[in-house]
Amino acid sequence: MTVELSAAPGETSAATRKPVILLMGPTGAGKTDLAIGLAQRFPLEIVSVDSAMVYRGLDVGTGKPDAAMLRRFPHHLVDILDPAQSYSAGQFVRDARCVIDAVHGRGNIPLLVGGTMLYFRALRGGLAELPEADPSVRAQIDTAAIELGWPALHAQLAAIDPQAAVRIQPADGQRIQRALEVFRITGRTLSALHASAAPPPSDLAFKSYAWVPSDRERLYDAIAVRFDHMLRTGLLDEVRRLYERGDLHARMPAMRSVGYRQLWEYLEQKVSLDAAVANAILATRHLARRQLVWLRGENRAHDETKWIDALDSESSAQMQRIVAVICNDNA
């Protein structure tokens, strides 16, 4: 005899949950090309999960599809903000939920693609209630960073929130600042607040896939080749246009994006162009490494995530078979 368990009050049964495909992976792994290939074959709509692609004018350096491709295969949550604005995980979750509901309403399946792991975590695991930014607290932290350096503030963070310090690099001023700011405002650590996050809505069935090259050195080589291609196709001119606007500065979230931050330093005459390029490639490799660490952590938390070797010659066909099954089940 088969016993079917009914959903708890306020929950949706597994059979009626609506599918959402998550395609996660490090920068330079080829996620965008894969997503477009899948959207050509199946009733999918692409939703960007990228904290830099949200900005208008950050095109070449983010690997954003060109205008012609975006007309053929629109990407939701791309080009929704001016670079002078900020964006948060909370805003992403709200925007993504609106898009997901609209896509389902059209009878299609959302395909969320990107490498901003915090956004994936917030959407899938629930979101903590965090305080709004406090300019006075941030100014105090910035002053301390100027006097002591971000590694020293990272050490302060490690003393109060070891879990956050493990995830955040000693030179990542933006994230160190936010973690310290939250603690100073609330008296609670960022890790504790995330641990107490409200559960996500239960009406979605996340189908999670990690698109990860099995050979890390080949990924790092591909990152260098990709950045060289970006330079040859206008990245420096793109950063110069942003620099010459006059209302942007290096501490803004958009300008802290990998590649933009390093070329901005060149335009400020702080480093040579060769040094800026080398720094950008190194920073992109470090970003890929952090994304892989996040993915391993997410895999422990959500063991249903399937890892697919992006270098395997059969990997694209494998993803097509997977998506075909999801679409058939949703029909």
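Conventions used here
Per chain, the residues get numbers from 1 upward, laid out in the order the sequence is written. Two thresholds apply to this predicted model, a pLDDT of at least 70 for residue-level local features and 80 or more for giving and counting side-chain atom pairs, whereas whole-chain, interface and lining totals are computed over all residues. To get the side-chain values, take all heavy atoms of the structure and skip hydrogens and water. Numbered from the N terminus, helices here are DSSP runs of H or I no shorter than four residues, and strands are runs of E no shorter than two. Relative accessibility decides the category of a residue: with a 1.4 Å probe and only protein chains considered, values under 20% of the type maximum give buried, values over 50% give exposed, and everything between is partly exposed. By the convention used here, residues are in contact when the closest approach between their heavy atoms is within 4.5 Å. Any two strands with at least two DSSP bridges between them are considered paired. The set of buried Ala, Val, Leu, Ile, Met, Phe, Trp, Tyr and Cys residues whose side-chain atoms join them within 4.5 Å is what this entry labels a nonpolar core. Each helix should span, by expectation, one fewer than its residue count multiplied by 1.5 Å. An arc is given here, and it is the one of the directions from the helix axis to the C-beta atoms. A 3.5 Å cut-off defines polar contacts: any pair of N or O atoms within that distance qualifies, except that in protein one atom must be a possible hydrogen donor and the other a possible acceptor, and neighbouring residues in sequence count only when both atoms are side-chain atoms.

A. Structural detail: the environment of Glu181. Here Glu181 shows up in helix 8 (residues 173-186). The exposure class of Glu181 is buried, given its relative accessible area of 0%. Along the primary structure Glu181 and Asp134 are separated by 47 residues, whereas in three dimensions their C-alpha atoms are 7.7 Å apart. Beyond its immediate chain neighbours, meaning those up to four positions away, Glu181 contacts Glu132, Ala133, Asp134, Val137, Arg138 and Ile141.

B. Inspection of the pairing of strand 4 (residues 109-114) at higher detail. With six of six residues buried, strand 4 is to be regarded as a mostly interior element. Here four bridges tie strand 1 (residues 18-24) to strand 4, and the two strands are oriented parallel to one another. Bridge pairing in strand 4 links Met24 to Gly114. Here strand 2 (residues 44-49) pairs with strand 4 via six bridges, running parallel. Paired with Ile46 across the strands is Leu111, a residue of strand 4.

C. Inspection of the nonpolar core at higher detail. Tyr87, Phe92, Leu112 and Phe227 are the most contacted members of the largest nonpolar core, which has 49 residues in total. If we skip the residues at most four places from it in the chain, Tyr87 touches Val54, Tyr55, Leu77, Ile80, Leu81, Phe92, Asp95 and Tyr119. If you look at the next biggest cluster of nonpolar residues, it comprises 24 residues, including Leu34, Ile36, Ala39 and Ile326.

D. Inspection of helix 10 (residues 216-232) at higher detail. Taking 1.5 Å as the rise per residue, helix 10 with 17 residues should run 24 Å; its terminal C-alpha atoms sit 25 Å apart, in good agreement. Every buried residue of helix 10 is accounted for by Leu219, Tyr220, Ile223, Phe227 and Met230. Buried residues of helix 10 fall within an arc of 100° about the axis and therefore sit on the same side. Across from the buried face of helix 10, at angles greater than 90 degrees, the exposed residues are Glu217, Val225 and Arg232. The backbone nitrogen of Glu217 has a side-chain oxygen 3.0 Å away, supplied by the residue at the start of helix 10, namely Asp215. Gly234 sits one or two positions beyond helix 10 and adopts a positive phi of about 110°.

E. Seen up close, the environment of Pro131. Within the secondary structure layout, Pro131 lies in the loop between helix 4 (117-125) and helix 5 (135-148). When the C-alpha positions of Pro131 and Asp172 are compared, they lie 20 Å apart, and in sequence the two are 41 residues distant. Apart from the residues within four sequence positions on either side, Pro131 is in contact with Arg178, Val182, Ile185 and Thr186.

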